[in-house]
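Structural characterization, general
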There are 2 protein chains.
Amino acid sequence: MLSRSNARLVHALKQRKTRETQGLFLAEGVRVAEELAASDIDLEFALVSTTLGDTPRGHTLQSVLSKRTAVHVLRDDELKAAAATENAQGVLAVARVPRHTLDSLAVPAPARVLICDGVQDPGNLGTLIRSADAFAFHAVLLLPGSVDAWNPKVVRAAAGSSFHLPIVTGTFEQLPSWLRAQEFYTLGAAADGVPFERSQVRARTSLVVGNEGAGLRAETQALVDRSVRIDMPGPAESLNVGVAAGILMYLLTHGDT
Amino acid sequence: MLSRSNARLVHALKQRKTRETQGLFLAEGVRVAEELAASDIDLEFALVSTTLGDTPRGHTLQSVLSKRTAVHVLRDDELKAAAATENAQGVLAVARVPRHTLDSLAVPAPARVLICDGVQDPGNLGTLIRSADAFAFHAVLLLPGSVDAWNPKVVRAAAGSSFHLPIVTGTFEQLPSWLRAQEFYTLGAAADGVPFERSQVRARTSLVVGNEGAGLRAETQALVDRSVRIDMPGPAESLNVGVAAGILMYLLTHGDT
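What this report covers is the structure whose coordinates are included nearby. The structure presented is a predicted model; accordingly, all values stated were derived computationally and were not measured. (Residues numbered from 1 in each chain as written. Chains lettered and ligands numbered in written order. Predicted model: local features only at pLDDT ≥ 70, side-chain atom pairs only at ≥ 80, totals over all residues. Heavy atoms only, no water.)

This part takes up the packing of helix 6 (residues 122-134) of chain A against helix 10 (residues 241-254) of chain A. Residues and elements named next belong to chain A. Interhelical geometry of helix 6 versus helix 10 gives an angle of 10° and a closest axis separation of 9 Å. By the angle between their axes, helix 6 is roughly parallel relative to helix 10. Note on element contacts: helix 10 touches helix 6 through Val241, Gly242, Ala245, Gly246 and Met249, opposite Asn124, Leu128, Ser131 and Ala132. Among the residues making up the contact of helix 6 with helix 10, the classes are represented as five nonpolar, four polar and no charged. (Axes fitted to C-alpha atoms, helices over the stretch in contact; angles between N-to-C directions. Helix = DSSP H or I, 4+ residues; strand = E, 2+ residues; numbered from the N terminus. Parallel < 35°, antiparallel > 145°, perpendicular 65-115°, else oblique. Contact = heavy atoms within 4.5 Å. Nonpolar A, V, L, I, M, F, W, Y, C, P; charged D, E, K, R; others polar.)

Residues and elements named next belong to chain A. On inspection of all chains with the given rule, the structure shows 16 salt bridges over all chains. Across the salt bridge formed by Glu20 and Arg16, the nearest N and O atoms sit 3.0 Å from each other. Of this pair, Glu20 and Arg16 are both found in helix 2 (residues 16-22), four residues apart, which corresponds to roughly one turn of the helix. The class of Arg16 is partly exposed, set by a relative accessible area of 37%. Note that Asp117 is salt-bridged to Arg217, the shortest N-O span being 2.4 Å. Separated by 100 residues along the polypeptide, Asp117 in strand 5 (residues 111-117) and Arg217 in the loop between strand 9 (204-209) and helix 9 (218-221) bring together distant segments of the chain. Overall, Asp117 belongs to the buried group, its relative accessible area being 0%. (Salt bridge = Lys/Arg side-chain N within 4 Å of Asp/Glu carboxyl O. Buried < 20%, exposed > 50% of the residue type's maximum accessible area, 1.4 Å probe, protein only.)

On to the packing of helix 3 (residues 30-38) of chain B against helix 4 (residues 56-68) of chain B. Residue and element names in this part refer to chain B. Packing of helix 3 against helix 4 brings their axes to within 10 Å, and their N-to-C directions diverge by 35°. Helix 4 is crossed by helix 3, and the crossing has left-handed handedness. Contacts between helix 3 and helix 4 involve Val30, Arg31, Ala33, Glu34, Leu36 and Ala37 from the former and Arg57, Leu61, Val64, Leu65 and Arg68 from the latter. Tallied by class, the residues present in the contact of helix 3 with helix 4 amount to seven nonpolar, no polar and four charged. (Left-handed = near helix turned anticlockwise from the far one by under 90°.)

Let's shift gears to the interface of chain B and chain A. Listed as interface residues are 29 residues of chain B and, on the opposing side, 29 residues of chain A. Both sides of the chain B and chain A interface together cover about 2500 Å² of buried area, and 63% of this is carbon and sulfur. Looking at the side of chain B facing chain A, the largest losses of area belong to Arg130, Ala134 and Tyr250 of chain B, adding up to 19% of the total buried there. Between chain B and chain A we count two salt bridges in total. The salt bridge partner of Glu237 of chain A is Arg31 of chain B, with a shortest N-O separation of 3.8 Å. At the junction of chain B with chain A, the criterion picks out twelve residue pairs in polar contact (both at pLDDT 80 or more). Mapped by element, the contributors of at least two residues to the side of chain B that touches chain A are helix 6 (122-134) and helix 10 (241-254) of chain B. The leading source of residues in the side of chain B that touches chain A is helix 10 of chain B, at eight residues. Class assignment of the residues belonging to the side of chain B that touches chain A gives a composition of 13 nonpolar, eleven polar and five charged. (Buried area = accessible area lost by both parts, 1.4 Å probe. Polar contact = N/O pair within 3.5 Å; in protein donor to acceptor, adjacent residues only side chain to side chain.)

So this is what it looks like as structure tokens:
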């Protein structure tokens, strides 16, 4: 059973405004909920469907969640109706957004940071966060105009990586001075850049990727020390932003520091 | 104006069954329609919104389409209602599915082929087709259980690459003997594979990627000469299938032949 006020909260958290005022977000899907339960992020409550426990994996998840927060059991159709993503797999958690600021970021000596400039598609941003995590990046920074990192579809596409590394929203005022103060060398992914080479990688390197259609905005271009592109021998004009960033992050991590 | 029968056809082409029986598909979005108009694929007709011509790019597209096929002009809201994808950008074309078979594929001496095993998400398959095109792969082969390559969302995510290279649906009976006859060396992307190295690339190399959740099925595993993985130093358990395949295709293209 779900109280009316909790039902209202879950519904309202589909809106960015509510997430921002409440400081809460929705996490849906088995893998995401597993990673959330294993993180130190505060949980408010969880909803599970009556059938989640039918599989050993779901059963374990439900018991792990129960140790951390109040778990409300709903019928499959009720959970489906409450969920914000298409296939919530019988589990939804309400949790507190981890707050990080540029000033509080601990930056190790060799460091990699991904900067997203106006990425609009939730699936793309989630994939970017997941890849940044896979390649041991230290943070994901969002510039204004990006989709909210705590949008349920972003969290779902990030497959739990949202809980592994700091995600910080910066402004065009803060970010340039922070990058300079932290001695980052900034590469910008751009179709008219020079082909990526390992020699472009410094101990602290940040990578900026832009909007799906428009690429880097003028303000963002000002952050960039060097524009790089991925050599593409085929006829396609460009790559999906998540794929392009994934390849560059792979190369940055496997290049020389 | 759009005749009732054309309106019915557009609606029906959102269903895989209709696409298969009619041999037609929907192409939506400015970039996709531009690439379609520039291809040798047969067009049945196109729908454009009254506002498409308001931009120079839209104006050019409309005139290019008009030289190739009948173009029906609709109100913005009518076009939106007809479209299968979320943001059709004022243009939708009905076109004939290009038919390729394994037997008719021309395979050059050094060749790269992508094989998709049960990829379910339209956005992922479209991204895979786009990346294969970007890295000059010669064909994309689909195994049974994959989303239809001519699903409007796949076509949209492929950003025109669907018209650049052959897309062939094969069976578990045909594919192994075809790969052997064509002397392909087949790499399978798998979390438990060996780290990818350039020495694994042969003149004719194919890459198999699996379903988002389950990975390669047993039947598919039988095609694989060597399982490879992408070295990931970070905590994420896995990459998005489109990103993983994008990195491997990049490495395959930039490795030694």
